[in-house]
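Here is what each chain is made of, one letter per residue.
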Amino acid sequence: MFLKHRTLVLVFTAVSFSTLLLTFRDPGAYLLRYAAARLFPRGPCGCRRCVAALRDDAWFSQRFNQSVQPLMTRENSVLTEDTFTWWQWLQAERHPASYPLVVDQLFQLIPDQDRYQDAGPDRCRTCSVVGNSGNLKGSGYGALIDSRDLVIRMNKAPTRGFQDDVGTRTTHHVMYPESAVDLDNDTSLVLVPFKTLDLQWLVSALTNGTIQRTYLPVKSKVQANREKVLVYSPTFFKYVHESWLEGRGRYPSTGFLSLMLALHICDEVSVFGFGSDQYGNWHHYWETNVLSGAFRLTGVHDGDMESNVTLLLEDRDKIQMFRGQRDTGGQGQDPDVQGTT
Ligand SMILES: *[C@@H]1O[C@H](CO)[C@@H](O)[C@H](O)[C@H]1NC(C)=O
Ligand SMILES: *[C@@H]1O[C@H](CO)[C@@H](O)[C@H](O)[C@H]1NC(C)=O
Ligand SMILES: *[C@@H]1O[C@H](CO)[C@@H](O)[C@H](O)[C@H]1NC(C)=O
Ligand SMILES: *[C@@H]1O[C@H](CO)[C@@H](O)[C@H](O)[C@H]1NC(C)=O
């Protein structure tokens, strides 16, 4: 009887104690969280640094507009007259097909969704933007490049044979018809369209391959996972040109366009393979012949302006630049932008 009583008391005590714990655990944690939130307010993203943190950076916040969507959807494909005129002027198409009809055809083939409008305090998306500069040669950046969530490459960029310096993963490959390459199934083709014909080319290249020429002969078919194809929005294209480059140059280079895409869909941006090599030469990392400095004076892009803006982004801690063996200066221009009218 005595024993039984003691057991009961023990059980009772245990039950009360755990009830107490249960009652107070949550409010305690709540208080802690509250204090933490006051002491360390959450940023616009879950990374240590966030691109979208505007703080009191007037230069950045005057340029950065997160509500301009970088990728085309059916909805945002409708262009203002201004934007359409500007965009058609880029490569002066003589007899363009009906833009709405072509867009409609396109979205019957590729998904109509913007996968990246998910910024918030819980997201930490890290990205590598990999230009094609010769400064990647001997850099040993491969593992670092591959360690980011997204790896964005552009134009002809090969990885096979250059893994140690450029890595192996490609989640996004930015190209236009004249610079197209085949991709593997895990990579998103990101088309930068300069004209209505480029959108038609995409449809054709993913299906029956009837378009074989724009102003240059182009790949008639391209290997790419249709479910992952994305299209750079003409509205965003114009925003990059006007808001970031102040309208300088005819239009931005693929390198700069890719950097701006990253800035808008990523929380932390690491930049590789931009600029000349350590000797000031401009060439691609896969080429052995080195071209002279004249190479970067392409006429259509303002390399100076792009480079200045890129450096300012670095100064303001918005991007991290990796310059390979070259440790001074740095140009934001991707040299792989020739072959445009
Ligand atoms: C940002 O872009 C949106 C959508 O294009 C536009 O309505 C808005 O005026 C822009 N904001 C600024 C500050 O330019
Ligand atoms: C590529 O991925 C798609 C779906 O994302 C799948 O239907 C297709 O079979 C894959 N193709 C290859 C060659 O793995
Ligand atoms: C190729 O596909 C396009 C669009 O679906 C179609 O208009 C065209 O007739 C096709 N061409 C050939 C040769 O099949
Ligand atoms: C870029 O910066 C350099 C050095 O500050 C300056 O001389 C040049 O005018 C700038 N170029 C443009 C296009 O802003």
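Residues numbered from 1 in each chain as written. Chains lettered and ligands numbered in written order. Predicted model: local features only at pLDDT ≥ 70, side-chain atom pairs only at ≥ 80, totals over all residues. Heavy atoms only, no water.

1. Looking at the packing of helix α8 (residues 234-244) against helix α9 (residues 254-265)
Okay, so step 1: Across the interface, α8 lies against α9 with an axial gap of 11 Å and an inter-helix angle of 100 degrees. Between α8 and α9, the angle is such that the two are roughly perpendicular. For the pair α8 and α9, the contacting residues are F236, F237, Y239, V240 and W244 in the first and F256, L257, M260, L261, L263 and H264 in the second. (Axes fitted to C-alpha atoms, helices over the stretch in contact; angles between N-to-C directions. Helix = DSSP H or I, 4+ residues; strand = E, 2+ residues; numbered from the N terminus. Parallel < 35°, antiparallel > 145°, perpendicular 65-115°, else oblique. Contact = heavy atoms within 4.5 Å.)

2. Description of helix α4 (residues 99-109)
In an α-helix, one turn spans 3.6 residues; hence positions three or four apart end up facing the same way.
Okay, so step 1: Along α4, the residues that are buried comprise Y99, V102, V103, L106, F107 and L109. Along α4, the residues classed as buried sweep out an arc of 150 degrees about the axis, all on the same side. With respect to the buried face of α4, the exposed residues turned more than 90 degrees away are P100, L101 and Q108.
Okay, so step 2: In this structure, the buried residues of α4 make contact with α3 (81-90), α7 (196-206), β5 (230-231) and α8. (Buried < 20%, exposed > 50% of the residue type's maximum accessible area, 1.4 Å probe, protein only. Arc of directions from axis to C-beta.)

3. Quick look at helix α10 (residues 303-315)
Okay, so step 1: Its 13 residues give α10 an end-to-end C-alpha distance of 18 Å, which sits within 8% of 18 Å, the value for a rise of 1.5 Å per residue.
Okay, so step 2: Buried within α10 are the following residues: G303, M305, E306, S307, V309, T310 and L313.
Okay, so step 3: One or two positions beyond α10, positive phi appears at D317, with a value near 70 degrees. (Expected span 1.5 Å × (residues − 1).)

4. With respect to the state of the cysteines
Okay, so step 1: Enumeration over the complete set of coordinates arrives at 3 disulfides.
Okay, so step 2: Covalently, C45 is tied to C50 through a disulfide, its sulfur atoms 2.2 Å apart. Here the S-S torsion is close to -90 degrees, and the disulfide linking C45 with C50 is therefore left-handed. (Disulfide = S-S within 2.5 Å.)

5. Re the sheet that holds strand β2 (residues 150-154)
Okay, so step 1: What the 7 strands build is an open sheet, ordered β5-β4-β3-β2-β1-β6-β7; its pairing is parallel. Because the sheet does not close on itself, it has two edges, and the strands there are β5 and β7 (319-322).
Okay, so step 2: Sheet topology note: the strand β1 (residues 126-130)/β2 ladder contains 3 bridges and is parallel. By the bridge assignment for β2, C127 is matched with L150. (Pairing = 2+ DSSP bridges.)

6. Quick notes on the nonpolar core
Proteins that are soluble and globular tend to have nonpolar side chains buried together.
Okay, so step 1: Core analysis: the largest hydrophobic core is formed by 75 residues, its most contacted members being L199, F237, W244, V269 and L313.
Okay, so step 2: Top contributing element to this core by residue count: α9, with 8 residues.
Okay, so step 3: Residues within four places of F237 in sequence aside, it is in contact with W86, W87, L90, V192, P193, F194, Y232, Y251, P252 and L257. (Core = buried A, V, L, I, M, F, W, Y, C linked by side-chain atoms within 4.5 Å.)

7. Re the site of ligand 4
Okay, so step 1: Every residue lining ligand 4 is accounted for by R248, D304, M305 and N308.
Okay, so step 2: Residue N308 places a side-chain N or O atom 2.3 Å away from an oxygen atom belonging to ligand 4.
Okay, so step 3: Bound to the protein, ligand 4 loses 39% of the 360 Å² it would expose on its own.
Okay, so step 4: Looking at side-chain class alone, the shell around ligand 4 contains 1 nonpolar, 1 polar and 2 charged residues. (Near = heavy atom within 4 Å. Polar contact = N/O pair within 3.5 Å; in protein donor to acceptor, adjacent residues only side chain to side chain. Areas by Shrake-Rupley, 256 points an atom, 1.4 Å probe, with all protein chains shown as cover. Nonpolar A, V, L, I, M, F, W, Y, C, P; charged D, E, K, R; others polar.)

8. A look at the confidence of the model for the protein
Okay, so step 1: Put simply, the protein has an average pLDDT of 85, and 79% of its residues get 70 or more.
Okay, so step 2: Taken together, the stretch residues 19-23 has pLDDT below 50 and engages in 0 contacts with residues farther than four places along the chain or on a different chain.
Okay, so step 3: Low pLDDT, under 50, characterises residues 326-341; the stretch is placed with 66 contacts to residues that sit more than four places away or in other chains. (pLDDT = per-residue confidence, 0-100.)

9. Focus on unusual backbone geometry
Okay, so step 1: Phi at A92 is positive, roughly 35 degrees, even though this residue is not glycine.
Okay, so step 2: By secondary structure assignment, the location of A92 is in the loop between α3 and α4.
Okay, so step 3: In this structure, N155 takes a positive phi of about 50 degrees despite not being glycine.
Okay, so step 4: Tracing the sequence through the fold places N155 in the loop between β2 and α6 (163-166).
Okay, so step 5: Note on N155: relative accessible area 0%, which makes it buried.

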